[in-house]
Amino acid sequence: MPKATKFIIVIQAKGGVGKTTVTHALASAISDNRSTVAVVDQDTQESSLQWAGAAEHHGRPLPYPVYRPEEFIKLKERPAYVIIDAPGNNLGALKALVPQADVILMPTLPGPLEADSLARTIAVMQGDDVAFKDGAEVGVICVKWRRAGTGNDTAVCLDTQARIEEMGLPILAKLYDKSDYQKRFGRVMPFHLYHPLKDVLDTLGVRA
Ligand SMILES: Nc1ncnc2c1ncn2[C@@H]1O[C@H](COP(=O)(O)OP(=O)(O)OP(=O)(O)O)[C@@H](O)[C@H]1O
Ligand SMILES: [Mg+2]
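Residues numbered from 1 in each chain as written. Chains lettered and ligands numbered in written order. Predicted model: local features only at pLDDT ≥ 70, side-chain atom pairs only at ≥ 80, totals over all residues.

Chemist: How should I be thinking about the environment of M125 in this particular structure?
Modeler: With respect to the helices and strands, the residue M125 is situated in helix α5 (residues 112–125). Remark: the alpha-carbon pair of M125 and G186, spanning 61 residues in sequence, is separated by 31 Å. Ignoring any residue separated from it by four or fewer positions in sequence, one finds M125 in contact with V98 and V130. (Helix = DSSP H or I, 4+ residues; strand = E, 2+ residues; numbered from the N terminus. Contact = placed C-beta atoms within 7 Å.)

This is the structure we're talking about:
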């Protein structure tokens, strides 16, 4: 029997924290490992759909499809992995999407307010009106992380990391601050931008 599709949700209470970037980095990493993957764009801004449209326009389509939710529902054959690019600033969507998730990834930027926004996301998810799927895994992806001259993460990043650990959340990967991520919008993501997510692949059980 084919294995059930794994649903990965990239979500945060706050907007602009790197959900779409993490979605496409992870989709690139999974497809590089020859597993089937699709992105479902749940955000009305349609950034993921625009990313795919622009890549096609440039003559180098993304190596995975991006669907609207209503298109995805109609699929006869589902891929092994589905990544949902969730909207920011939408607690209703967060409550509706979390119960469907096998894996919940929360991108988080460095800074005390960013840690507060992660804590708010967790508080909403732990509300009585939200039920997790059995065995669901939850983790943080650090986004726009920075290193100091010493080569260690900056003090702000270390403080944010301590807050994340106090919340009992595992950090599954770090995407360091690189302007390359911004330049890649609408284009295929290269290996050096998505390879930091390889530990997430282990968590997902994607074969190497
Ligand atoms: N590691 C990184 N280094 C530098 N820039 C980054 C990195 N990750 C994301 N960005 C940039 O940060 C901005 C916000 O990222 P993104 O669009 O992925 O966030 P989002 O959470 O999906 O936003 P929205 O809530 O608007 O959907 C984008 O310009 C993106 O290119
Ligand atoms: Mg987005």
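Chemist: For this particular structure, what's the right way to read the sheet that holds strand β4 (residues 81–85)?
Modeler: Two orientations exist for strands paired in a sheet by backbone hydrogen bonds: parallel and antiparallel. Reading across from one edge, β3-β2-β4-β1-β5-β6-β7 is the order of the seven strands in this open sheet, with parallel pairing throughout. Edge positions in the sheet fall to β3 (66–67) and β7 (171–176), since each of these pairs with one other strand and no more. Note: strand β5 (residues 103–108) against strand β6 (residues 137–145), six bridges, orientation parallel. Residue I104 lies in a different strand from β6, and its bridge partner there is V138. (Pairing = 2+ DSSP bridges.)

Chemist: Can you walk me through the pairing of β4 in this structure?
Modeler: As a general feature of sheets, a regular strand has side chains that alternate between the two faces. Across the five residues of β4, five count as buried, placing the element largely inside the fold. Of the two faces of β4, the one holding Y81, I83 and D85 and the one holding V82 and I84 are both buried throughout. Where strand β1 (residues 6–10) and β4 come together, five bridges link them in parallel fashion. Looking across to β4, one finds that V10 is bridged to D85. Relative to β4, strand β2 (residues 37–41) runs parallel, the two being bridged by five bridges. In the sheet register, A38 faces β4, and the bridge partner there is V82. (Buried ≥ 20, exposed ≤ 12 C-beta atoms within 10 Å, placed from the backbone.)

Chemist: Which parts of the structure should I look at to understand the UniProt feature "domain: CobQ/CobB/MinD/ParA nucleotide binding" (unreviewed entry) in the chain?
Modeler: Per the UniProt annotation, the sites labelled "domain: CobQ/CobB/MinD/ParA nucleotide binding" (unreviewed entry) are residues 8–187. Between the first and last C-alpha atoms of residues 8–187 the distance is 22 Å; the span itself is 38% helix and 20% strand. (UniProt positions renumbered as here; feature names shortened; annotations may be inferred.)

Chemist: When you look at unusual backbone geometry in this model, what are you seeing that I'm missing?
Modeler: Glycine aside, residues mostly have negative phi, and peptide bonds are mostly found in the trans state. Look at R34: it is not a glycine, yet its phi comes out positive at around 60 degrees. Inspection of the secondary structure puts R34 in the loop between α1 (19–32) and β2. Even without glycine at this site, E46 takes up a positive phi of about 55 degrees. Among the secondary structure elements, E46 is positioned in the loop between β2 and α2 (47–57).

Chemist: When you look at the site of ligand 1 in this model, what are you seeing that I'm missing?
Modeler: With respect to spatial proximity, 19 residues lie near ligand 1, and among them G15, K19, T20, T21 and G88 are the closest. Every element with two or more residues in the shell around ligand 1 is listed here: α1, β6 and α7 (179–183). A total of three residues in the shell around ligand 1 trace back to one element, the largest contributor, which is α1. When the residues that make up the shell around ligand 1 are grouped by side-chain class, the tally is five nonpolar, nine polar and five charged. (Near = placed C-beta within 6 Å. Nonpolar A, V, L, I, M, F, W, Y, C, P; charged D, E, K, R; others polar.)

Chemist: Sorry if this is basic, but what is going on with the pairing of β5 here?
Modeler: Among the six residues in β5, six count as buried, and that is most of the element. Across the two faces of β5 the burial is the same, with V103, L105 and P107 and I104, M106 and T108 all buried. Where β1 meets β5, three bridges bridge the pair, whose relative direction is parallel. Opposite I8, over in β5, you have V103 as the bridge partner. Crossover handedness for the path β5 to α5 to β6: right-handed. (Right-handed = clockwise from strand over helix to strand, strands pointing away.)

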